[in-house]
Amino acid sequence: MKYGMLWEMQLGPRPWSEGAEFHHYWDAIEQAKLAERVGFDYLWHVEHHFLTEYSHGSSPEVWLSAVAQHTERIRIGHGVVLLPPNFNPTFHVAERVAALDILSKGRVEFGTGRAATASELEAYGIEPGDARGMWLEALQEIPKMWRDEPYPGIDGTYLKLPSREVWPKPVQRPGPPMWMAASSPESFEIAGRNGLGVLAFIIGHAEKLTPLIEVYRDAIKQCPKPPEEINNQMAAYVLTHCAESRDEARAVGGPAIEWYSANVFQLFSTVSGKPGYEIYAKMLPEDAADIERLVAKYGNVIDALIDLGVISVGSPDECLNTINSFAALDIDQIITSHAIGGIPHDKVMRSIELFGSEVIPRVASSCSVSA
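Residues numbered from 1 in each chain as written. Predicted model: local features only at pLDDT ≥ 70, side-chain atom pairs only at ≥ 80, totals over all residues. Heavy atoms only, no water.

An unreviewed UniProt entry lists the protein chain under the name Luciferase-like domain-containing protein, with Mycobacterium florentinum given as the organism.

What follows is the structure, given as structure tokens:
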């Protein structure tokens, strides 16, 4: 089992302190350095635009390039690059990822996606129904840009690119491992057919994730790519705040996670039911109903989200219970997110330290024993 950590450059609810963005970016580098020291294997940084409070991470490759200079071992993950060319011209993506691979000495993980908010899609002039087709065409061309001299060009539905020499080339050959953000059964199947690793951002763990993993593993067996181009990996995501005691973890992490969860539902609902995003109209109400049912059972949101596997909040022992529920599944990586909802930097650092020193070693031990 591998462990990753994800940053959204999330300032949390206003009001912010003076220089909040400045401090958040530099604090995130300190958090990444600590993550490497305490045993994390991957770091991931999303790309979002215009999502005030929720994400100020519109240029992930800049932060990733900086953090690569402050670390030595941990994998440097785009989680994810938005591939529709209105967001990022395809030549630029190939060039920037290759340059980052050079500056990180071959540590890049290349996660991809299409965006899932109306604010982002509309601002860049992307019709929701075109986003997946744009993503797929760019996805298929980027490895050619890394490999071919010259790149032959494409006259596609969305991309019309001339033949050019594309530089630089990445250190890793045939290129950095490629991933796809996924939440619906269709997405898991698409990832498998294209030989991509899955970054699974869904509500719930065993009950909902297990059948999706099966869809993915079955689909990737049919991928026609050569083995060296297939990234057969499954990563699951869980919001995390670990503290010395249950009460402290809930007092600090609880409000931040409730704020985060409310924002996720609001943001993703903006594309719900639109062409290409029809599944959201089914998923979001189902997820909300699951949470409401468990809130009625427990009398609070935090226990409901823990029950669903959405969050890992509590003492190291309590966090271990949640992470063990993921480790029991057929997954390769657990991605946690600690810098969420405006949690102070010192509390984030302590959460990372406790998770790395008191949770990760015990999950590894329990897995080896059960095996």
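That was the structure; now back to the text.
**Some thoughts on the environment of Gln172**
Formally: A helix here means a DSSP run of H or I that spans at least four residues, while a strand means a run of E at least two residues long, and both kinds are numbered starting from the N terminus. Polar contact is the term for a pair of N or O atoms within 3.5 Å; when the atoms are in protein, one must be able to donate a hydrogen and the other to accept it, and sequence-neighboring residues count only if both atoms are side-chain atoms.
Structurally, the position occupied by Gln172 is in the loop between β6 (160–161) and β7 (178–182). In the structure, Gln172 is positioned 74 residues away from Ala98 in sequence and 8.8 Å away in space, judged by C-alpha atoms. Side chain to side chain, Gln172 and Arg75 meet in a polar contact 2.9 Å long. Only 3.0 Å separates the side chain of Gln172 from the backbone oxygen of Val108, close enough to count as a polar contact.

**Comments concerning the environment of Glu8**
Note the threshold: Here the term buried applies to any residue with accessible area under 20% of the maximum for its type, exposed to any over 50%, and partly exposed to those in between, with areas from a 1.4 Å probe on protein chains only. Two residues qualify as a contact provided that any one of their heavy atoms is within 4.5 Å of a heavy atom in the partner residue.
Secondary-structure assignment places Glu8 in the loop between β1 (2–7) and α1 (20–37). The class for Glu8 is buried, based on a relative accessible area of 5%. Separated by 300 residues in sequence, Glu8 and Leu308 place their C-alpha atoms 22 Å apart. Leaving out residues up to four positions away in the same chain, Glu8 has contacts with Val46, His48, Tyr54, Ser55, His56, Gly57, Tyr237 and Tyr260.

**Here we look at a nonpolar patch on the surface**
Note the threshold: Any residue with relative accessible area above 30% and no salt bridge may belong to a patch, with like charges joined within 9 Å and the nonpolar Val, Leu, Ile, Met, Phe, Trp and Tyr side chains within 5 Å. Surface accessibility follows the Shrake-Rupley procedure with a 1.4 Å probe radius. Residue values consider only the protein chains on display as shielding. Note on definitions: salt bridges are taken to be side-chain nitrogens of Lys or Arg within 4 Å of carboxyl oxygens of Asp or Glu.
On the surface, Ile102, Leu103 and Val171 cluster together into a nonpolar patch covering about 250 Å² of accessible area. The residue Val171 is located in the loop between β6 and β7 in this model. With relative accessibility at 47%, the residue Val171 sits in the partly exposed group.

**A look at the packing of helix α9 (residues 278–298) against helix α10 (residues 301–308)**
The line we're drawing: Interaxial angles span 0 to 180 degrees and are taken between N-to-C directions of axes, which are lines fitted to C-alpha atoms, for helices over the stretch in contact. Any angle that falls under 35 degrees is termed roughly parallel, while one over 145 is termed roughly antiparallel, one within 65 to 115 roughly perpendicular, and all others oblique. In this scheme the handedness of a crossing depends on how the near helix is turned from the far one: anticlockwise by less than a right angle means left-handed, clockwise means right-handed. Residues are sorted three ways: Asp, Glu, Lys and Arg are charged, Ala, Val, Leu, Ile, Met, Phe, Trp, Tyr, Cys and Pro are nonpolar, and all the rest, Gly among them, are polar.
The interhelical angle for the contact between α9 and α10, taken along N-to-C directions, is 125°, at an axis separation of 8 Å. With respect to each other, α9 and α10 are oriented oblique. Seen along the crossing, α9 lies across α10 with a hand that is right-handed. Packed against α9, whose contacting residues are Asp290, Ile291, Leu294, Val295, Lys297 and Tyr298, the element α10 presents Val301, Asp303, Ala304, Leu305, Asp307 and Leu308 at the interface. Along the lines of polarity and charge, the residues of the contact of α9 with α10 split into 8 nonpolar, no polar and 4 charged.

**Examining the pattern of salt bridges**
Summed over all chains, the structure comprises 22 salt bridges. The closest approach of N and O atoms between Asp41 and Arg73, which form a salt bridge, is 3.8 Å. Of this pair, Asp41 sits in the loop between α1 and β2 (42–45) while Arg73 sits in the loop between α2 (60–69) and β3 (75–82), placing them 32 residues apart in sequence. For Arg73, a relative accessible area of 40% puts it in the partly exposed group. The residue Glu353 makes a salt bridge to Arg350 at a minimum N-O spacing of 2.9 Å. Taken together, the residues span about one helical turn, with Glu353 and Arg350 both in helix α12 (residues 345–370) at a distance of 3 residues. Its relative accessible area of 30% is what places Arg350 among the partly exposed residues.

**Quick notes on the confidence of the model for the protein chain**
The predicted coordinates of low-pLDDT regions are not to be read in fine detail. Where we set the bar: Confidence scores here are pLDDT values: one per residue, from the predictor, ranging 0 to 100.
Summary statistics for the protein chain give a mean pLDDT of 94 and a share of 97% for residues scoring 70 or more. Segment residues 366–371: pLDDT under 50, and 2 contacts once partners within four positions in sequence are set aside and those in other chains are kept.

**Notes on unusual backbone geometry**
The omega angle of the peptide bond from Arg14 to Pro15 is 5°, so this bond is cis rather than trans. Inspection of the secondary structure assignment puts Pro15 in the loop between β1 and α1. Although it is not a glycine, Met9 adopts a positive phi angle of roughly 50°. Among the structural elements, Met9 can be located in the loop between β1 and α1. Residue Ala115 is not a glycine yet carries a positive backbone phi of 85°. Position of Ala115 among the secondary structure elements: in the loop between β4 (108–113) and α4 (118–123).

**Overview of the packing of α2 against helix α3 (residues 90–103)**
Close contact between α2 and α3 brings their axes to 9 Å; oriented N to C, the two are set at 10°. Classified by the angle their axes make, α2 and α3 are roughly parallel. Crossing geometry of α2 relative to α3 is assigned as left-handed. Between α2, through Glu61, Leu64, Ser65, Ala68 and Gln69, and α3, the contact on the second element is made entirely by Arg96, Leu100 and Leu103.

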